[in-house]
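Overview (structure and organization)
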Amino acid sequence: GKWNESLCSKKLIKLFNWSRGGIILSGVLEYKGYHSKIFFDADDMILYGKIEGIRDLVTFESTDATNIEQEFQNAVDDYLEFCEENNKLPDKEY
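Residues numbered from 1 in each chain as written. Predicted model: local features only at pLDDT ≥ 70, side-chain atom pairs only at ≥ 80, totals over all residues. Heavy atoms only, no water.

A closer look at the overall build of the protein chain
- What the protein chain contains, in helices and strands, is one helix and six strands.
- Secondary structure of the protein chain in N-to-C order comes out as β-β-β-β-β-β-α.
- Surface summary for the protein chain: the accessible area is close to 6,600 Å², and the carbon and sulfur share equals 52%. (Helix = DSSP H or I, 4+ residues; strand = E, 2+ residues; numbered from the N terminus. Areas by Shrake-Rupley, 256 points an atom, 1.4 Å probe, with all protein chains shown as cover.)

Describing the nonpolar core
- Grouped together as the largest cluster of nonpolar side chains are 15 residues, with contacts concentrated most on Tyr34, Ile51 and Phe72.
- Of all the elements in the fold, those that place two or more residues in this core are strand S3 (22–31), strand S4 (34–41), strand S5 (46–52) and helix H1 (68–85).
- The element contributing the most residues to this core is H1, with six residues. (Core = buried A, V, L, I, M, F, W, Y, C linked by side-chain atoms within 4.5 Å. Buried < 20%, exposed > 50% of the residue type's maximum accessible area, 1.4 Å probe, protein only.)

A few points about the packing of aromatic side chains
- Scanning the model with the defined rule gives four aromatic pairs in all.
- Aromatic side chains Tyr31 and Phe72 sit 6.5 Å apart centroid to centroid with 70° between the ring planes, which places their arrangement in the edge-to-face category. In this pair, Tyr31 is assigned in strand S3 and Phe72 in helix H1, connecting sequence segments 41 residues apart.
- Ring geometry for Tyr34 and Tyr79: centres 6.2 Å apart, planes at 85°, overall edge-to-face. Note that Tyr34 is positioned in strand S4 and Tyr79 in helix H1, a separation of 45 residues in sequence. There is no split in this pair, since Tyr34 and Tyr79 are both buried.
- Connected via pairs of aromatic rings, a cluster forms that spans Tyr31, Phe60 and Phe72. (Phe/Tyr/Trp six-rings, centres within 6.5 Å; stacked < 30°, edge-to-face > 60°.)

Overview of the pairing of S5
- Note: S4 against S5, seven bridges, orientation antiparallel. Considered in S5, the bridge of Ser36 is made with Ile51.
- The turn joining S4 and S5, which pair antiparallel and follow one another in sequence, is formed by four residues; a positive phi near 55° is taken by Met45.
- One ladder, built from four bridges, connects S5 with strand S6 (residues 59–62); its direction is antiparallel. Residue pairing for S6: Gly49 is matched across the bridge by Phe60.
- Where S5 folds back onto S6 in an antiparallel hairpin, the turn is made up of six residues, including Gly53, whose phi is positive at roughly 80°. (Pairing = 2+ DSSP bridges.)

Focus: the pattern of salt bridges
- Across all of its chains, the model carries five salt bridges by this definition.
- Among the ionic pairs, Lys50 bridges to Glu52, the shortest N-O distance being 3.8 Å.
- Looking at Glu52, the relative accessible area reads 24%, which means it is partly exposed.
- Put simply, Asp91 and Arg55 hold a salt bridge, and the shortest N to O gap is 3.7 Å. You can see Asp91 sitting in the segment after H1 and its partner Arg55 sitting in the loop between S5 and S6, a full 36 residues away along the chain.
- Judged by relative accessible area, Arg55 falls into the exposed class, the value being 71%.
- What you see here is one network of salt bridges that share partners, running through Arg55, Asp56, Lys88 and Asp91. (Salt bridge = Lys/Arg side-chain N within 4 Å of Asp/Glu carboxyl O.)

Right, dumping it as structure tokens:
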């Protein structure tokens, strides 16, 4: 598909990709120096993402668009807490 439109909000940049008659939503969130793209799965009706640019796999999801930023922030906070509890240095974006 072709990138047709881009809209900016406070922390979320929404990019709309029109393909096969549907809209695929992706965006970028930032929190505590970590970033994530946001994707929409039309089959399962969920928004989801993962922390980008680190070796560890940290994912999150939400069925409610108003909660996706909070789910991302919770994932970052949980990751940092896990690292602290396990005496592990958290990955930083490469």
